[in-house]
Amino acid sequence: MTFRAASTSSSSSGLLWIGLSVAIILMMICLRPADMFRGGKPLVEDAYYSLSVARNLADGKGFTVDGEQLTNGVQPLFTIISTLSFIVTGGDIEALRIQLA
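Because the structure is a prediction, the values reported are computed rather than measured.

Caption draft 1: Broad picture of a nonpolar patch on the surface. A contiguous nonpolar patch, built from Leu15, Ile18, Val22 and Leu26 and spanning about 370 Å² of accessible area, is present on the exposed surface. Residue placement: Ile18 occurs in helix H1 (residues 2-31).

Caption draft 2: Up close: helix H3 (residues 45-58). If you check H3, its first and last C-alpha atoms are 20 Å apart, about what 14 residues at 1.5 Å a residue would give, namely 20 Å. For H3, the full list of buried residues reads Ser50, Leu51, Ser52, Val53, Ala54 and Asn56. Of the residues one or two after H3, Gly60 is the one with positive phi, at around 85°.

Caption draft 3: Examining the environment of Asn72 more closely. With respect to the element layout, Asn72 can be found in the loop between H3 and helix H4 (76-89). For Asn72, a relative accessible area of 72% corresponds to the exposed category.

Rules of the game
- Residues numbered from 1 in each chain as written.
- Predicted model: local features only at pLDDT ≥ 70, side-chain atom pairs only at ≥ 80, totals over all residues.
- Heavy atoms only, no water.
- Patch = residues over 30% accessible without salt bridge, like charges linked within 9 Å, V, L, I, M, F, W, Y side chains within 5 Å.
- Areas by Shrake-Rupley, 256 points an atom, 1.4 Å probe, with all protein chains shown as cover.
- Salt bridge = Lys/Arg side-chain N within 4 Å of Asp/Glu carboxyl O.
- Helix = DSSP H or I, 4+ residues; strand = E, 2+ residues; numbered from the N terminus.
- Expected span 1.5 Å × (residues − 1).
- Buried < 20%, exposed > 50% of the residue type's maximum accessible area, 1.4 Å probe, protein only.

Spelled out as structure tokens, the structure:
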């Protein structure tokens, strides 16, 4: 039994370090100045479209760009992954900083 307790303790310690590292990296990304992300270039229309759908999906409005009409003109996997940043941060600017990093 001592062997199991020692292995459980080391695995939970490893998960703690991984979680802490991910949290620090996300904080560093969110605290960078906004102009470092785009390089002075605006978002192209496909990225704007996908991120708009991701924001609305995180807000519970579904796969929609304008909040009213449903759409299917996005890459579903990218949009769903992008939705996670809007859910985790709860804000548009922080989520965009994570997406554009």
